[in-house]
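Notes for the structure review
For reference, the chains in residue letters:
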Amino acid sequence: AITPWNFPIAIPTWKLMPALVTGNTVVFKPAEDTPIMACLLVQILEEAGLPSGVLNLVLGAGEVGALLVEHPKVNLISFTGSNEVGREIAQKGARDGKRVSLEMGGKNAILVMDDADPDLALEGILWSAFGTSGQRCTAASRIIVHQAVHEELTEKLVKQVRALRLGDGLLETTDVGPVINRDQLEKVHRYTQIGQDEGARLLTGGQIYTEGGCAKGFFYRPTVFDRVKPQMRIAQEEIFGPTTVLIKVDSLDEAIEVNNTVSYGLSSAIYTRDVNRAFQAMRELATGIV
């Protein structure tokens, strides 16, 4: 079980518990950015009476995971992480006849139709795009919005995003915490420049945040782009930070077409009062979860 840093307790438990309950032993390789969380989880299970050797914790960087993937006694690999690494694991698993379960990246969309409740849609967008600082594979990094409600939604979204409070994620007064490390902070910032170079309009955010106590961490102002075309890099590539883009469409059919232009297929959502539209979206959106 190879797990990522962004949900260092939830994702390991999703993988480990079913495997253990059905009688398997497990080798658990957590992300190198969150080893202490993994150690504490295994310690809890050990204290609860799990027999020695049933769950085995191995710490290390990517080369450690690669050795485990290729080990002849490992017959099933469960991996959550990047597309690049996932493809490598799939190839090695196919070569060696191993079962492989992969959850990789996403470029997820929220479709907001002309009959949507704008306040309900706004609530969903704020949480999905900026909760956990956008650091999850199901984050809404594309808002595909009907032209009839585009102006109203955009105005409300920008106002709400500017009001989000950055800070220590353990404080109740914080809305948006830090990103994981400096490399990720710089990656998010590079995509802001890419978006501007592509001709998208930066409505808010787009800056590294260093005020007060945030000067010692890796904070990025929640960022919203408008006038985004479906083929722009900021609409196609996973940023994994507090950035989302607005793409205007004229119909549900166009919204579905735009949704399906990316190489990812993890999740999508739709805001509409018409159940027939909702079921059409469920049929035609090329994503695993709607």
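Below is a short write-up of the structure. (Residues numbered from 1 in each chain as written. Predicted model: local features only at pLDDT ≥ 70, side-chain atom pairs only at ≥ 80, totals over all residues. Heavy atoms only, no water.)

1. Quick look at the pattern of salt bridges
- Per the counting criterion, the structure on display carries 11 salt bridges.
- A salt bridge links E211 to R221, with the shortest nitrogen-to-oxygen separation between them at 3.2 Å. In this pair, E211 sits in the loop between β8 (208-209) and β9 (219-220) while R221 sits in the loop between β9 and β10 (223-226), placing the two residues 10 residues apart along the sequence.
- Between R233 and E237 there is a salt bridge; the shortest N-O distance is 2.9 Å.
- One salt-bridge network, in which partners are shared between bridges, spans D114, D115 and R277. (Salt bridge = Lys/Arg side-chain N within 4 Å of Asp/Glu carboxyl O. Helix = DSSP H or I, 4+ residues; strand = E, 2+ residues; numbered from the N terminus.)

2. Points about helix α5 (residues 118-130)
- The end-to-end C-alpha separation of α5 is 18 Å, in line with the 18 Å expected for 13 residues at 1.5 Å each.
- A121, L122, G124, I125, L126, S128, A129 and F130 are the residues of α5 that are buried.
- Just beyond α5, the residue with positive phi is T132, at close to 50 degrees. (Expected span 1.5 Å × (residues − 1). Buried < 20%, exposed > 50% of the residue type's maximum accessible area, 1.4 Å probe, protein only.)

3. A look at the environment of L68
- Note that L68 resides in helix α3 (residues 62-70).
- Put simply, L68 and Q236 are 168 residues apart on the chain and 32 Å apart in space, counted from C-alpha to C-alpha.

4. What to know about the sheet that holds β10
- Within the open sheet, the 6 strands sit side by side as β7-β10-β11-β6-β5-β12. Their pairing is mixed. Of all strands in the sheet, those with a lone pairing partner are β7 (201-204) and β12 (268-271), marking the two edges. The mean angle between the axes of side-by-side strands here comes to 25 degrees, regardless of whether they run parallel or antiparallel.
- In the sheet, strand β5 (residues 108-112) pairs with strand β6 (residues 140-146) via 5 bridges, with the strands oriented parallel. The residue of β6 that forms the bridge with A109 is R142.
- In this fold helix α6 (residues 147-162) packs onto β5, β6, β7, β10 and β11 (243-249), with an angle of close to 145 degrees to the strand it touches most, β6.
- The strands touched by helix α7 (residues 182-198) within the sheet are β7, β10 and β11, with β10 carrying the most contacts at an inclination of about 20 degrees. (Pairing = 2+ DSSP bridges. Axes fitted to C-alpha atoms, helices over the stretch in contact; angles between N-to-C directions. Contact = heavy atoms within 4.5 Å.)

5. Section: the packing of α3 against helix α4 (residues 83-96)
- Viewed as axis vectors pointing N to C, α3 and α4 meet at an angle of 25 degrees, and their least axial separation amounts to 10 Å. Between α3 and α4, the crossing angle belongs to the class labelled roughly parallel. As α3 packs across α4, the resulting crossing turns out to be right-handed. Of the residues in α4, those touching α3 at A66, V69 and E70 are I89, K92 and R95.
- A per-class count over the contact of α3 with α4 returns 3 nonpolar, no polar and 3 charged. (Parallel < 35°, antiparallel > 145°, perpendicular 65-115°, else oblique. Left-handed = near helix turned anticlockwise from the far one by under 90°. Nonpolar A, V, L, I, M, F, W, Y, C, P; charged D, E, K, R; others polar.)

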